Amino acid sequence: MVKKEMIAMLLAGGQGSRLGVLTSKVAKPAVAFGGKYRIIDFPLSNCINSGVDTVGVLTQYQPLRLNAHIGIGIPWDLDRNIGGVSVLPPYESNDSSEWYTGTANAIYQNMEFIENYNPDYVLILSGDHIYKMDYEVMLDFHKSKGADLTIAVMPVPLEEASRFGIMIADEDHRITEFEEKPEHPRSNLASMGIYIFSWPALKKGLTALKDQENLDFGKHIIPYCRDNGAALYAYEFNGYWKDVGTLNSYWEANMELIDIVPEFNLYEEYWKIYTKSEIQPPQYFSADSVVDRCIIGEGSEIYGQVYNSVIGRGVTIGKGTVIRDSIVMNDTVLGQGCEIYKGIIAEGVTVGNGVKLGVGEEKPNDTAPHIYNSGIVTVGEKSVIPAGVSVGKNTVIYGETTVEDYPNGYLDSGSSLIKA
């Protein structure tokens, strides 16, 4: 096998439970984003833009759509005879058979894949972040420091630092201490979950800790490296980076794409984001349609009014329907005369005529207030909402619902209607 200087291992097995019904049938990295993409397109595009042409994608939870999307890697120029993209699900071997039980356990189970390329360095990535980053620059930093492990960090407001793994580094960027979600953080450098390991150091840590339950980078591998004299460095990143792990952060990241001056620009020539493109006709806008500050996917037909929203491909928006501050994913059909405010509507949903989403006063959700909040109406994929009903805020709908499911034609704010 040909030797590679650095290969990437992309952890894409996450269930994404904080995205609620959006991930009930699909892994978080495969969730649609930005009208055209899926979340995993961003780290995959970063790899090929950074000259990393060998990527192992570790899948586990609901991998079907993710696997179909990645295929043999053609959209990212990762269909290579040597290297390219390889999907790596858990597998049964002679001596053991188990799911990936932690981030580092997943890498441990695929050490043979890594050994095939005998790399000097291994880049560990997460499949559920939205950002652009040149990993080659990070590798140059890693080499210049003679590091065994380089952790990408970014400054966060100190009041938010307790949500992250926090690195404390000296003037030379060498990590002296780190704290996992500290109550009283002493630094604001948050780990981004992006690591470059020198392969011998990573192999040593994985082998030594292989029997550790739920083997994890933050909890086990990084402390092991530190305690055994490895040189740990912090690479500071100051670009746009967003963990879209909650419904509100997912909604915000989509809305930021349509700011007048977007903080995250999808239109830069020099750093393209690649994706698998479906064969779709062009968009169609009727004479009566109004579209203001939106992203509209290919093959969508707009007969109504859309303001400040992200619309996926193959979506139909009926005459007289008004949509504001919402995300509507691929192949959804919205009837005539609807009013939709601050909704996240997943793929393949059917909404009848005259439906109103996001009305009334805001109340906490009755089943999962930690997931369904921020006033957002969330509709799971392939759901059906019958004509003429109204739905409040902080609500969730999933499944084929009928008029009988809406008392007096209304689903109150904070209610959950799940029929899957």
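Our structure's up above, just so we're on the same page.
Residues numbered from 1 in each chain as written. Predicted model: local features only at pLDDT ≥ 70, side-chain atom pairs only at ≥ 80, totals over all residues. Heavy atoms only, no water.

Caption draft 1: Representation of the layout of surface pockets within the structure. By volume, the largest pocket amounts to about 1700 Å³. In terms of lining residues, the largest pocket is bounded by 50 residues, among which Arg 18, Ser 126, Asp 128, His 129 and Asp 243 are the most central. Broken down by class, the residue content of the lining of the largest pocket amounts to 19 nonpolar, 19 polar and 12 charged. (1 Å grid on protein atoms, 1.4 Å probe; cavity = no way out; pocket = protein on both sides within 12 Å on 5 of 7 lines; lining within 4 Å. Points joined across faces, edges and corners; volume = space filled by probe spheres on them. Nonpolar A, V, L, I, M, F, W, Y, C, P; charged D, E, K, R; others polar.)

Caption draft 2: Local environment of the side chain of Asn 394. Structurally, Asn 394 is set in the loop between strand 30 (390-392) and strand 31 (396-398). On the basis of relative accessibility, which here comes to 4%, the residue Asn 394 falls in the buried class. Of the polar contacts made by the side chain of Asn 394, one reaches the backbone nitrogen of Gly 375; its length is 2.6 Å. Here Asn 394 is in contact with Glu 362, Lys 363, Pro 364, Asn 365, Tyr 372, Asn 373, Ser 374, Gly 375, Ile 376, Gly 414 and Ser 415, once residues within four sequence places are set aside. (Helix = DSSP H or I, 4+ residues; strand = E, 2+ residues; numbered from the N terminus. Buried < 20%, exposed > 50% of the residue type's maximum accessible area, 1.4 Å probe, protein only. Polar contact = N/O pair within 3.5 Å; in protein donor to acceptor, adjacent residues only side chain to side chain. Contact = heavy atoms within 4.5 Å.)

Caption draft 3: Expanded view of the state of the cysteines. Evaluated as defined, the whole model comprises 0 disulfides. The cysteine Cys 338 is free of any disulfide, with Cys 294 supplying the nearest cysteine sulfur at 16 Å. (Disulfide = S-S within 2.5 Å.)

Caption draft 4: Up close: the packing of aromatic side chains. Under the counting rule described, the total for this entry stands at 11 aromatic pairs. With a centroid separation of 5.6 Å and 90 degrees between ring planes, the pair formed by Phe 33 and Phe 42 is classed as edge-to-face. With a relative accessible area of 1%, Phe 33 lands in the buried category. Look at Tyr 195 and Phe 217: their rings are 5.5 Å apart centre to centre, the planes differ by 40 degrees, and that puts the pair in the tilted class. Placement of the pair is Tyr 195 in strand 11 (residues 189-198) and Phe 217 in helix 7 (residues 217-227), with a sequence separation of 22 residues. Look at Phe 217 and you get buried, because its relative accessible area is 2%. A cation over an aromatic ring shows up here: Lys 132 above the ring of Phe 264, its NZ or CZ 5.1 Å from the ring centre. (Phe/Tyr/Trp six-rings, centres within 6.5 Å; stacked < 30°, edge-to-face > 60°. Lys NZ or Arg CZ within 6 Å of the ring centre and 35° of its normal.)

Caption draft 5: Molecular detail of unusual backbone geometry. Even without being glycine, His 173 reaches a positive phi, approximately 70 degrees. Within the secondary structure layout, His 173 lies in the loop between strand 9 (165-169) and strand 10 (175-180). On the basis of relative accessibility, which here comes to 33%, the residue His 173 falls in the partly exposed class. At Arg 293, a position not held by glycine, the phi torsion is positive, near 55 degrees. Summarising the element assignment, Arg 293 is placed in the loop between strand 15 (290-292) and strand 16 (295-296).

Caption draft 6: Examining the environment of Asp 148 more closely. Its location among the elements puts Asp 148 in the loop between helix 5 (135-145) and strand 8 (149-155). Through-space distance from the C-alpha of Asp 148 to that of Phe 197 is 5.8 Å; in sequence the pair is 49 residues apart. Setting aside its immediate chain neighbours within four residues, Asp 148 contacts His 142, Ile 196, Phe 197, Ser 198, Ala 201, Ala 230 and Ala 231. A polar side-chain atom of Asp 148 sits 2.8 Å from the main-chain amide nitrogen of Ala 231.

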